[in-house]
Every structure is written in structure tokens, then in C-alpha cells.
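# Inside the fold
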Amino acid sequence: MPTRGGFSCDCEHGHMGEPGEVDSWTLENKPRGWELYELLGRPKRIVAPMVDASELSFRLLCKRYGADLCYTPMVNTAMFTKETAQVFRLREYSTCPADTNQIIQFCGHDPELLVQAGKMV
């Protein structure tokens, strides 16, 4: 899913002119296919997710050498959303201003926790 923060989209649905509009996406109006590709800035070089190799330092290195879009490591929503999980969140999902255009992978079986985790990033 696209992260929050000012992507602009010229598609017919007008998806995301201002940060935070992600909250208003529904299954019916979320960007798909070509619209999502446009929203992400037409990435040509995409670094696929890799076990134990998709952390922040690796993503930044990939972007330095031309990657347009990177995946984060798989993050467990139950662990990520716990109130006491600050250390887990910092360890499993770290980012910085240079870490743009990323797809965050969440896993879990509870749809409400998946939504909650998505809103936390």
C-alpha cells in the first residue's frame, strides 16, 4: 500500500491530493492497476521483498543505485499494534525521509489489526 504523505494522482478518481486521504479509500475507490502505478510515480526498477534483506539500510542502498520502489520486511500486525510494542516497531519497521516509495508488507489474520497497523505508518 502507498504510504501517506503527499503523493499526487491525476487519475479520474482524484485519489490523493492531500496527506491523510488514504483514510477515505474504500474497496470501491482505492487505486488499482495503472492508477496505482501512476500514483507511485511510474516505478521502473522495483526491489522485490527478500527475507532478512529488506531493512532500511538495504532499501537506501538500493535507491542510491537506482531503485524506484522497495518493499519492507514482512511485519506481523499483532506484534506491531500492541501498545507495548515500541521496540518491536522500531526494530521491524524503520524509515527516514530518504526512504520514499515503499510498499509495507503486513501479515495477520485479523482485518481490524491490519487496518490499525496501516494507519500507524
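Before reading further, recall that the structure is shown in the block above.
To keep things clear, this report deals only with the structure shown in the data block. (Residues numbered from 1 in each chain as written. Predicted model: local features only at pLDDT ≥ 70, side-chain atom pairs only at ≥ 80, totals over all residues. Heavy atoms only, no water.)

## Regarding the state of the cysteines
- All chains considered together, the criterion is met by 0 disulfides.
- Here Cys70 stays free of any disulfide, with the sulfur of Cys62 as its closest cysteine sulfur at 5.1 Å.
- Here Cys70 falls in the buried class, since its relative accessible area comes to 1%. (Disulfide = S-S within 2.5 Å. Buried < 20%, exposed > 50% of the residue type's maximum accessible area, 1.4 Å probe, protein only.)

## Some points on the sheet that holds strand β1 (residues 46-47)
- Strands sit in the order β1-β2-β3 across an open sheet of 3 strands; the sheet is parallel. The open sheet has two edge strands with one neighbour each: β1 and β3 (102-107).
- Two strands pair when backbone bridges link them, and strand β2 (residues 69-76) and β3 are joined in this way by 5 bridges, in the parallel orientation. When the bridges of β3 are listed, Cys70 appears paired with Gln102. (Pairing = 2+ DSSP bridges. Helix = DSSP H or I, 4+ residues; strand = E, 2+ residues; numbered from the N terminus.)

## Structural notes on the pattern of salt bridges
- For the structure shown, the criterion picks out 5 salt bridges.
- Between Arg42 and Glu38 there is a salt bridge; the shortest N-O distance is 2.6 Å.
- Residue Arg42 is classed as partly exposed on the basis of its relative accessible area, which comes to 40%.
- Residues joined by salt bridges that share partners form a network here, namely Arg59, Lys63 and Asp99. (Salt bridge = Lys/Arg side-chain N within 4 Å of Asp/Glu carboxyl O.)

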